[in-house]
Amino acid sequence: MRGSLSITVIGSGYVGLVVAVCFAEIGHQVFCVDKDEARILALRRGISPIHEEFLPELLRKPRPNPIEFTTDLHSATLRAEAVFIAVGTPRNCTGGADLSFVDAVAGEIARSIDSYKVVVEKRTVPVCTSDWIRQVLESKGVAGNLFDVASNPEFLREGSAVVDFLHADRVLIGAEASRAAEILRQIYIPLTTGSYYRRPDAVPGPRSEASPPALLHTSARAAEIIKQASNAFLATKISFINAIAHLCDATGVDVEQVACGIGADHRIGRDFLHAGIGYGGPCFAKDIAAFRSVAEQLGVDFGLLREVEEINAAQKARFLHKVRSALGTLPGRHIGVLGLAYKAGTDDIRESPAVALIRQLQDEGCAVAAHDPAAMERSKEVLPPGPRMSYAGDPYAAAHDADALLVLSDWPEFAELELPRLYGTLRRPIVIDGRNLFDPAVMAEHGFTYLSVGRPTAAPREALAGLSRP
Ligand code: UGA
């Protein structure tokens, strides 16, 4: 068994950076490449450009083989046995994945292969991308015996990405060539044998020496489909429970009870059955559109995914309708908002349902005061402060003098707010919770009119009498 391998990770975005740091954490020599000089300089100083638990500590942790952050792709590739491509795959104009960054990087890697390397696709890509990368390398004159291409996708969630990597459910190696598969197997040995979890400095998480991640070996194409299908399935679960929430709204049933009942079946499971304002973030919307697009190109009509997307869009529209009907009219209203990130634990606002909703409220004449524990700086770039947008230092300041308070991200600290203080801060005690963070009965006891998703409206008796069902 070999110990440390030399690995280059190209792209220091969300996936690339977490993967590079975690490879170093399990003992490898890592070169992390990015074109962005300012980002590389910050990383060399141990500054994390993203909000992610454990990442700052791991970045600054002293190691026998410190990570080399560099803009020099050529020399980093020359020195590595495994080269991971972790550059972005944005959405193109037809909804498919734009692989131009991958194409450019593959072209650069081709100039730097003078001994055998496994070139590994790490991001979510359409099926057959590994075949296409092989063709790019061959077309640039790289001899077939000097490389193999493999797929080794990640299943990292923002906010818990480091733990998701180091305590993964599975390590997925998609490689036909045994030499490539063996290098990838060696890389993950500290995790798959459980030896990492014996270390006193190991990042804590659900895995242990007795229950290490499963190692799955498939073809590269199967690995590519597994990754896209996993995201599509998770999004389907969310849209499913959101459709059930609609039914619950129409019948006065509590969707949380229904989700518990469904999720108690171990074949279904409780995870990803949280009704809300629809999924957001940089992955699901993009990946589902790309999955549908690649299926279409292959002559497969994946109508189910269209339905998942439609339910997600309708869920956001329904929430806005709920706000409108709770307030009677929107123009001139002052609305407090808790949560800007697309979910808790991150400062990422890409495809955030909260940001989209705030824009719609502003378009309808509302002024918004928002608070988020991590995402306010980033939000200022897309929702600049002005007469209709302000940022509050804490949740109570966001609620101050508001006609209603909306809860749009599921930060756990929101659920711990002091309700009497919140009640005294709002102009009207209306809370409209897009994440079902509070207990409706407790909210009513504290005097709030409380609307949530797929649960009956709760309010003190006299207020309830004046409300129509949203
Ligand atoms: C998702 C997947 O969960 C990861 O496995 C995958 O690696 C990643 O995409 C990726 O491909 O990069 P992420 O987007 O970070 O991870 O976040 P999730 O925790 O999956 O949440 C996505 C969205 O769904 C959020 O807006 C969240 O609030 C929402 N959600 C999630 C719900 O509305 N209900 C749920 O029950 C769960």
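The structure under discussion appears in the preceding block.
Residues numbered from 1 in each chain as written. Predicted model: local features only at pLDDT ≥ 70, side-chain atom pairs only at ≥ 80, totals over all residues. Heavy atoms only, no water.

A. Representation of the overall build of the protein. When helices and strands are tallied, the protein shows 21 helices and 14 strands. Its C-alpha atoms give the protein a radius of gyration of 24 Å, near enough to 23 Å, the size a compact globule of 470 residues would have. Principal-axis analysis of the C-alpha atoms gives the protein an extent of 75 × 50 × 45 Å. Residues counted as buried form 55% of the 470 residues belonging to the protein. (Helix = DSSP H or I, 4+ residues; strand = E, 2+ residues; numbered from the N terminus. Rg over C-alpha atoms; globule rule 2.2 N^0.38 Å. Buried < 20%, exposed > 50% of the residue type's maximum accessible area, 1.4 Å probe, protein only.)

B. Local environment of the environment of Ala 180. In this fold, Ala 180 is placed in helix H8 (residues 178-187). Residue Ala 180 is classed as buried on the basis of its relative accessible area of 0%. If we skip the residues at most four places from it in the chain, Ala 180 touches Tyr 116, Val 118, Asp 148 and Ala 175. (Contact = heavy atoms within 4.5 Å.)

C. A look at the nonpolar core. Counting residues in hydrophobic clusters, the biggest one holds 62 residues, and the most contacted among them are Val 323, Ile 335, Leu 361, Leu 406, Leu 422 and Ile 432. Not counting the four nearest positions on each side in its chain, Leu 422 is found in contact with Tyr 396, Ala 399, Leu 405, Leu 417 and Phe 448. (Core = buried A, V, L, I, M, F, W, Y, C linked by side-chain atoms within 4.5 Å.)

D. The arrangement of the side chain of Glu 256 in detail. Among the structural elements, Glu 256 can be located in helix H12 (residues 255-263). Side-chain polar atoms of Glu 256 contact the side chain of Asn 436, separated by 2.9 Å. Excluding anything up to four places from it in sequence, Glu 256 contacts Arg 270, Asn 436 and Arg 455. (Polar contact = N/O pair within 3.5 Å; in protein donor to acceptor, adjacent residues only side chain to side chain.)

E. Looking closely at the packing of helix H11 (residues 220-251) against helix H13 (residues 284-297). At their nearest, the axes of H11 and H13 sit 9 Å apart, and the two run at 120° to each other. Classified by the interaxial angle, the pair formed by H11 and H13 is oblique. The handedness of the crossing between H11 and H13 is left-handed. Contacts between H11 and H13 involve Ile 225, Gln 228, Ala 229, Asn 231, Ala 232, Leu 234, Ala 235 and Ile 238 from the former and Phe 284, Asp 287, Ile 288, Ala 290, Phe 291 and Val 294 from the latter. Here the residues of the contact of H11 with H13 sort into 11 nonpolar, 2 polar and 1 charged. (Axes fitted to C-alpha atoms, helices over the stretch in contact; angles between N-to-C directions. Parallel < 35°, antiparallel > 145°, perpendicular 65-115°, else oblique. Left-handed = near helix turned anticlockwise from the far one by under 90°. Nonpolar A, V, L, I, M, F, W, Y, C, P; charged D, E, K, R; others polar.)

F. Up close: the site of the ligand. Within the structure, the ligand sits among 21 residues, and Glu 158, Lys 227, Asn 231, Cys 283 and Arg 435 are positioned closest to it. At 2.8 Å from an oxygen atom of the ligand is found a side-chain nitrogen or oxygen belonging to Lys 227. At a separation of 3.4 Å, an oxygen atom of the ligand approaches a polar backbone atom of Leu 273. Surface burial for the ligand is 91%, taken as the share of its 710 Å² of free accessible area covered by protein chains. Sorting the residues of the shell around the ligand by element identifies H11 and H13 as the ones contributing at least two each. No other element matches H11, which puts 4 residues into the shell around the ligand. Its residues assigned to classes, the shell around the ligand comprises 10 nonpolar, 4 polar and 7 charged. (Near = heavy atom within 4 Å. Areas by Shrake-Rupley, 256 points an atom, 1.4 Å probe, with all protein chains shown as cover.)

G. Spatial organisation of the sheet that holds strand S10 (residues 367-371). The parallel open sheet is built from 6 strands, whose spatial order is S11-S10-S9-S12-S13-S14. This sheet does not close on itself; its edge strands, each paired only once, are strand S11 (389-391) and strand S14 (449-451). The mean angle between the axes of side-by-side strands here comes to 20°, regardless of whether they run parallel or antiparallel. With 3 bridges joining them, strand S12 (residues 404-407) and strand S13 (residues 430-433) adopt parallel strand pairing. Residue pairing in the sheet places Leu 406 in a bridge with Ile 432 of S13. (Pairing = 2+ DSSP bridges.)

H. Molecular detail of unusual backbone geometry. Phi is positive for Phe 54, which is not a glycine, with a value near 75°. One can find Phe 54 in the loop between helix H2 (37-44) and helix H3 (55-60). Even without a glycine there, the phi angle at Cys 128 is positive, about 85°. Tracing the sequence through the fold places Cys 128 in the loop between strand S5 (117-121) and helix H6 (129-139).

I. How the structure looks around the packing of H13 against helix H14 (residues 303-327). Between H13 and H14, the shortest axis-to-axis distance is 10 Å and the interhelical angle comes to 155°. The orientation of H13 relative to H14 falls into the category roughly antiparallel. Crossing handedness for the pair H13 and H14: left-handed. Facing H13, whose interface residues are Ile 288, Ala 289, Phe 291, Arg 292 and Glu 296, H14 presents Leu 305, Arg 306 and Glu 309. The residue inventory of the contact of H13 with H14, partitioned by class, reads 4 nonpolar, no polar and 4 charged.

J. Up close: the pattern of salt bridges. Under the definition given, this model contains 28 salt bridges. Notably, a salt bridge pairs Arg 185 with Glu 182, separated by 2.9 Å at the nearest N-O pair. Here Glu 182 and Arg 185 lie together in helix H8, a separation of 3 residues that amounts to about one turn. In this structure Glu 182 comes out as partly exposed when scored by relative accessible area, which is 33%. Between Arg 267 and Asp 265 there is a salt bridge, with its nearest N and O atoms 2.8 Å apart. Of the residues examined, Arg 267 reaches a relative accessible area of 69% and is grouped as exposed. (Salt bridge = Lys/Arg side-chain N within 4 Å of Asp/Glu carboxyl O.)

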